[in-house]
Amino acid sequence: MENRGGVRKLMSTKYFYVLFFTFFSLAVNAQCAMCRAALAGDSNTKKAEAVNDGIVYLMVIPYLLVGIIGVLIYRMYQSKKKKAV
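Sequence order as written defines the numbering, with residues in each chain counted from 1. With the structure being a predicted model, the display of local features is reserved for residues of pLDDT at least 70 and the display and counting of side-chain atom pairs for 80 or more, all residues being used for whole-chain, interface and lining totals. To get the side-chain values, all heavy atoms of the structure are used, and hydrogens and water are removed first.

Enquirer: Got a minute to help me understand the overall build of the protein chain in this structure?
Expert: Only runs of H or I of at least four residues qualify as helices and only runs of E of at least two qualify as strands under DSSP, and these elements are numbered from the N terminus. If you tally the helices and strands in the protein chain, you get three helices and zero strands. Accessible area is worked out with a 1.4 Å probe on protein chains only. A residue is then buried under 20% of its type maximum, exposed over 50%, and partly exposed in between. Within the protein chain, buried positions represent 2% of all 85 residues. Within the structure as shown, the protein chain displays about 8,400 Å² of accessible surface, and the carbon and sulfur contribution to it stands at 68%. The Shrake-Rupley method, run with a 1.4 Å probe, gives the accessible areas here. Residue values count only the displayed protein chains as cover.

Below is the structure:
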């Protein structure tokens with residue numbers, strides 16, 4: 001029984017840190033100095049749009065892969081559940 005209290009305390013500490021860093025994270029600027037210098041100003045709107053489109057393209061692919069794998073795993077579990085019944 002004593003072990004459960006320690007586990008509960010550890011879990012609550014982890015959740016505290018996750019919630020704290022989620023809600024109180026600082027906004028960071030992740031753009032490198034060269035990209036910022038190349039895209040600064042009104043004359044580079046086409047370049048800025050191209051960089052933003054590239055970022056979105058690179059961001060979408062991992063999410064699609066994770067979503068497809070999740071759907072396949074869900075279907076696998078559903079088919080196993082039907083076979084068991």
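Further notes follow.
Enquirer: Just to check I follow, could you spell out a nonpolar patch on the surface for this structure?
Expert: Taken together, the side chains of Val56, Tyr57, Leu58, Met59, Val60, Ile61, Tyr63, Leu64, Leu65, Ile68 and Leu72 define a hydrophobic patch exposed on the protein surface, amounting to about 1,100 Å² of accessible area. Its location among the elements puts Leu65 in helix H3 (residues 45–84). Nonpolar side chains (Val, Leu, Ile, Met, Phe, Trp, Tyr) within 5 Å and like charges within 9 Å form the patches, drawn only from residues with over 30% relative accessible area and no salt bridge. What makes a salt bridge here is a side-chain nitrogen of Lys or Arg within 4 Å of a carboxyl oxygen of Asp or Glu, nothing more.

Enquirer: I'm lost on the confidence of the model for the protein chain in this one. Help?
Expert: Any residue range with low pLDDT should be treated as having predicted coordinates unsuitable for detailed reading. Confidence of the predictor at the level of single residues is captured by pLDDT, which takes values from 0 to 100. On average, residues of the protein chain score 76 in pLDDT, and 73% of them reach the 70 mark or higher. Within the protein chain, H3 carries the highest mean pLDDT (87), whereas helix H1 (residues 2–23) carries the lowest (67).

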